[in-house]
Amino acid sequence: QVQLVESGGGLVQPGGSLRLSCAASGFTFSNYPMHWYRQAPGKERELVAYISSTGGSTSYGVSVKGRFTISRDNVKNTVYLQMNSLKPEDTAVYYCKTNAYWGQGTQVTVSS
């Protein structure tokens, strides 16, 4: 069955960096685009970043563009989200997604 397992979240100070990973299994990873979403308390889930199946095309939400970078390794079946210049408003649970499948999420907290 399809499994998406996120990791790499944690507590970081404003201005810091984190790299999230999402390990995929149960499907042909290299055939599918991948997404990162996030959901902050009391807010709707929002799209953070998208990457095509080959990694040749990416796009970002307005609030993270220029600070976050999505990438993938189709040998390791893993998608990454490099987050730099983190702000308190980036605090959220971060999820990876493909088609109708979601991971369990990883908490990112940006606070001094």
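Coordinates for the structure precede this section.
Remember, predicted model here, so these are calculated numbers, not experimental data. (Residues numbered from 1 in each chain as written. Predicted model: local features only at pLDDT ≥ 70, side-chain atom pairs only at ≥ 80, totals over all residues. Heavy atoms only, no water.)

Draft legend 1. Local environment of the pattern of salt bridges. Inspection of every chain in the model, using the stated rule, returns three salt bridges. Close ionic contact of Glu46 with Arg38 constitutes a salt bridge, the shortest N to O distance being 2.6 Å. The exposure class of Glu46 is partly exposed, given its relative accessible area of 32%. Through salt bridges with shared partners, one network takes in Arg38, Glu46, Arg67 and Asp90. (Salt bridge = Lys/Arg side-chain N within 4 Å of Asp/Glu carboxyl O. Buried < 20%, exposed > 50% of the residue type's maximum accessible area, 1.4 Å probe, protein only.)

Draft legend 2. Main features of the environment of Lys65. For Lys65, the position within the fold is in the loop between β6 (58-60) and β7 (68-73). A relative accessible area of 61% means that Lys65 is categorised as exposed. (Helix = DSSP H or I, 4+ residues; strand = E, 2+ residues; numbered from the N terminus.)

Draft legend 3. Representation of the sheet that holds strand β1 (residues 3-7) in the model. Overall, antiparallel pairing links the four strands, which are arranged β1-β3-β8-β7 in an open sheet. Edge positions in the open sheet fall to β1 and β7, since each of these has one partner strand only. Averaged over neighbouring strand pairs, the angle between their axes works out to 15° when direction is ignored. With five bridges connecting them, β1 and strand β3 (residues 18-25) associate as antiparallel partners. Residue pairing in the sheet places Ser7 in a bridge with Ser21 of β3. (Pairing = 2+ DSSP bridges. Axes fitted to C-alpha atoms, helices over the stretch in contact; angles between N-to-C directions.)

Draft legend 4. Structural detail: the packing of aromatic side chains. Per the stated rule, a full pass over the model turns up four aromatic pairs. Ring centres of Phe27 and Phe29 lie 6.2 Å apart, and the angle between their planes is 55°; on these two criteria the pair is classed as tilted. By relative accessible area, which is 1% here, Phe29 ends up buried. Here Arg45 stacks its cationic end above the ring of Tyr95, 3.9 Å away from the centre of that ring. (Phe/Tyr/Trp six-rings, centres within 6.5 Å; stacked < 30°, edge-to-face > 60°. Lys NZ or Arg CZ within 6 Å of the ring centre and 35° of its normal.)

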